[in-house]
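# Examination of the molecular architecture
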Amino acid sequence: FTYNVPYNGQVTNSIVIPTVRGYAAYLEDDRTTPLTGSYLLSETNVTESKTITIRFWPAEVPYKVVYMQQNILDDGYTVVRTDELVGLTDDDPFVENVIYEGFVLVWCDTDKIAADGSTTIEVKYDRLYFKMLFDLDGGYGVQPVYARYGTPVSVINPTKAGYIFMGWNA
C-alpha cells in the first residue's frame, strides 16, 4: 500500500493482512508476534518518507510420515505406523530411522513440507529374502526353500534308507 501524506500531515488506516496458506505475517523482521486480521497504520506529523514492511515467514503446518512393510505374499505394502507431526512450510520433514527385524529400507519420499498441510511421506521397507538349505545327512526329498522373512514354510519329511525321520533340529 502507498499513502501520500502532506508534510506534517497524518495518516490513520487499518490495513488488512492477507492470508497466505502455510505462512505467518510479521512486522518488519520481528518474528515474536504474528500479525493477524489487520494492522493499524497511524502516523502523525509526517515529515519524511517511511516504509513499513510486512514479511511472510514459514509457519508450522501438519504432515504425516507413513511407515510401510512389504507383504509376505505379494509386492504390496501394509501400513504399520503413521506419525502425525508438525513442521515449518518448505522444511525437510523429520523421518525417524526405524529398524524392523527382517526388513530393509528401500524407499523414503524426500518432499518438502507443503504449505497446505497435505504432505504425506511414505517410508517403505522390503522383506529380506532367504534361502533355506536342509542338511539331510545323506537323505533326500527336501529341496532348498526361498522365502521372504516371516513366511510360514512347510517341507515334507525327508527319507533315508534304514532310518525313520524324527524331526528337525535348528
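Everything below is about the structure shown above.
Residues numbered from 1 in each chain as written. Predicted model: local features only at pLDDT ≥ 70, side-chain atom pairs only at ≥ 80, totals over all residues. Heavy atoms only, no water.

Right, let's talk about the nonpolar core for a bit. The biggest cluster of nonpolar side chains holds 11 residues, and these are V61, Y63, V65, Y67, V98, Y100, F103, I113, I121, V123 and Y125. For this core, the leading source of residues is strand 5 (residues 60–70), giving four residues. In this structure, V11, I17, A25 and L35 belong to the second largest nonpolar core, which totals seven residues. (Core = buried A, V, L, I, M, F, W, Y, C linked by side-chain atoms within 4.5 Å. Buried < 20%, exposed > 50% of the residue type's maximum accessible area, 1.4 Å probe, protein only. Helix = DSSP H or I, 4+ residues; strand = E, 2+ residues; numbered from the N terminus.)

Each strand in a sheet pairs with another by means of backbone hydrogen bonds, the pair being arranged parallel or else antiparallel. The strand order across the open sheet formed by four strands is 6-5-8-7, and the pairing between neighbours is mixed. Looking at strand neighbours, the two that pair on one side only are strand 6 (77–88) and strand 7 (103–108), the edges of this open sheet. Geometrically, the sheet is characterised by an average inter-axis angle of 20° between neighbouring strands, direction not taken into account. As judged from the five bridges shared by strand 7 and strand 8 (residues 120–127), these two strands associate in the antiparallel manner. From the neighbouring strand, W107 faces strand 8, where its bridge partner is K124. (Pairing = 2+ DSSP bridges. Axes fitted to C-alpha atoms, helices over the stretch in contact; angles between N-to-C directions.)

Within the fold, T82 resides in strand 6. Sequence-distant contacts of T82, defined by excluding residues within four places in its chain, comprise K64, V65 and V66. (Contact = heavy atoms within 4.5 Å.)

Right, let's talk about the layout of surface pockets for a bit. Roughly 660 Å³ of volume is contained in the largest pocket. Residue lining of the largest pocket: 26 residues in total, with Y3, L41, K50, T51 and I52 positioned closest to the centre. Those elements that place two or more of their residues in the lining of the largest pocket are strand 1 (9–16), strand 3 (38–46) and strand 4 (54–58). The element that contributes the greatest number of residues to the lining of the largest pocket is strand 3, accounting for six residues. Classifying every residue of the lining of the largest pocket by side-chain character gives 16 nonpolar, seven polar and three charged. L136, D137, P158, F165 and G167 are, among the 14 residues lining the second largest pocket, the residues nearest its centre. Among the residues making up the lining of the second largest pocket, the classes are represented as seven nonpolar, four polar and three charged. (1 Å grid on protein atoms, 1.4 Å probe; cavity = no way out; pocket = protein on both sides within 12 Å on 5 of 7 lines; lining within 4 Å. Points joined across faces, edges and corners; volume = space filled by probe spheres on them. Nonpolar A, V, L, I, M, F, W, Y, C, P; charged D, E, K, R; others polar.)

These figures come from the coordinates and say nothing about function on their own.
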